[in-house]
Every structure is written in C-alpha cells, then in structure tokens.
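The lines below spell out each chain.
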Amino acid sequence: MTVSTAVKPPKGITPPSAPGGRSGFLSDVIVELGFADGTTDARVLVEMEALTEEQVAQAMAERHGIAYIDLDEYGIDAAAANLIRPTVARRYSSVPVGLVGGALLVAMADPADALGVNDIAVMTKLEVV
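The rules behind each value
- Residues numbered from 1 in each chain as written.
- Predicted model: local features only at pLDDT ≥ 70, side-chain atom pairs only at ≥ 80, totals over all residues.
- Heavy atoms only, no water.
- Buried < 20%, exposed > 50% of the residue type's maximum accessible area, 1.4 Å probe, protein only.
- Helix = DSSP H or I, 4+ residues; strand = E, 2+ residues; numbered from the N terminus.
- Pairing = 2+ DSSP bridges.
- Expected span 1.5 Å × (residues − 1).
- Core = buried A, V, L, I, M, F, W, Y, C linked by side-chain atoms within 4.5 Å.
- Contact = heavy atoms within 4.5 Å.

1. Points about the pairing of strand E2 (residues 103-108)
Every other side chain in a regular strand lies on the same face of the sheet, so the side chains alternate between the two faces.
Then step 1. Of all the 6 residues making up E2, 6 are buried; the element is thus mostly covered by neighbouring parts of the structure.
Then step 2. Neither face of E2 is open: one carries Ala103, Leu105 and Ala107, the other Leu104, Val106 and Met108, and all of them are buried.
Then step 3. Counting the residues that bridge the hairpin from strand E1 (residues 94-100) to E2 gives 2 residues, and of these Gly101 lies at a positive phi of roughly 60°.

What follows is the structure in structure tokens.
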C-alpha cells in the first residue's frame, strides 16, 4: 500500500520523506530525521562504557589495515615529534612519533585522512606511515 504525500495520511501513518527510500547508513537517516545527534556508533559505545577509547582506536587501525600505536607504551622520539609545527599536529590530530626504516611514523586520530598524511609527507619530505 502506498500512502501519497499529497493527501494527508490517516492518523498513525507517517509516509517517508524520501519516497523510494534512502541510500547510506541507518545512522545517517536517524540523524537527518533529528532522532539523535551526529554521534558515531563508536562514541556511543565509549559513552556506554562498553568500549574504551583505546579499543576504538585499535579497531579503527585494524579496519584500515594499519598498525595501532599505544602511546602509553611506545617511546615517542622528540626529534620526530618536532618535524611538524604544533598547528599542523592540531589540524590533523596527529603527532610524529618516530622514524622507522627512513619513514616517519605518525599517530593520527583519523588514519583515513589522506590529506593530512600527504601534507605531512610534503612538509617533512619523508614517507609517512
């Protein structure tokens, strides 16, 4: 049964705002409808204390196929950290932590930030991993 949006639907029926459905994730639709704010699933799990920030970071690294760096355990190389300005580090939520095989090892909040990786590589003239 199709309920036309041109005619006021009967009480209890809410027609879709996008006939034919929407593409994308259910979480996007929930935010667009105003049922919740733009919080990510991971943020909700951390707020519920179902996961720690570190577990989310490790899962993100695994998802992207990159190494996870535990900054509490890894000895940060001050010389590497000083290869970028603090403003750049804040802009990309990143910090160079060491040199590995001639490449700059960078810890980033968003490892999928290709622009950040490329900018840091250009600034330092080093491959960024």
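2. Looking at helix H3 (residues 53-64)
For an α-helix the count is 3.6 residues per turn, leaving residues at separations of three or four pointing the same way.
Then step 1. The end-to-end C-alpha separation of H3 is 17 Å, in line with the 16 Å expected for 12 residues at 1.5 Å each.
Then step 2. Positive backbone phi, approximately 70°, marks Gly65, located one or two places after H3.

3. Comments concerning the nonpolar core
Inside soluble globular proteins, nonpolar side chains tend to come together where they are buried.
Then step 1. Counting residues in hydrophobic clusters, the biggest one holds 10 residues: Ala80, Ile84, Val88, Ala89, Tyr92, Leu104, Val106, Met108, Ile120 and Val128.
Then step 2. Contributions of two or more residues to this core are made by helix H5 (86-91) and E2.
Then step 3. Setting aside anything within four residues of it in sequence, one finds Ile120 in contact with Ile84, Val88, Ser94, Leu104, Val106 and Val128.

4. Focus on the side chain of Thr124
Then step 1. Turning to its location among the elements, Thr124 is positioned in helix H6 (residues 114-124).
Then step 2. Given a relative accessible area of 15%, Thr124 falls into the buried group.
Then step 3. Excluding residues that lie within four positions of it along the chain, Thr124 makes contacts with Leu83, Ile84 and Leu104.

5. Thoughts on the environment of Leu33
Then step 1. Among the secondary structure elements, Leu33 is positioned in the loop between helix H1 (26-32) and helix H2 (41-47).
Then step 2. Between the C-alpha atoms of Leu33 and Ser17, which are 16 residues apart in sequence, the distance is 9.2 Å.

6. Here we look at unusual backbone geometry
Both trends apply: most residues other than glycine have a negative phi, and most peptide bonds are in trans.
Then step 1. At Ser93, a residue that is not glycine, the phi angle is positive and equals roughly 45°.
Then step 2. Note on placement: Ser93 falls in the loop between H5 and E1.
Then step 3. Given the relative accessible area of 43%, Ser93 is considered partly exposed.
Then step 4. Despite not being glycine, Lys125 has its phi angle at roughly 60°, a positive value.
Then step 5. The residue Lys125 is located in the segment after H6 in this model.

7. A short note on the pairing of E1
Then step 1. Where E1 meets E2, 6 bridges bridge the pair, whose relative direction is antiparallel. The partner of Leu99 across the bridge, within E2, is Leu104.

8. What about the environment of Pro96?
Then step 1. Structurally, Pro96 can be placed in strand E1.
Then step 2. With relative accessibility at 1%, the residue Pro96 sits in the buried group.
Then step 3. Taking the C-alpha atoms as reference points, Pro96 and Gly116, 20 residues apart in sequence, are found 12 Å from one another.
Then step 4. Filtering out sequence-adjacent residues up to four positions away, Pro96 remains in contact with Ile76, Ala80, Ala81, Ile84, Leu104, Leu105 and Val106.

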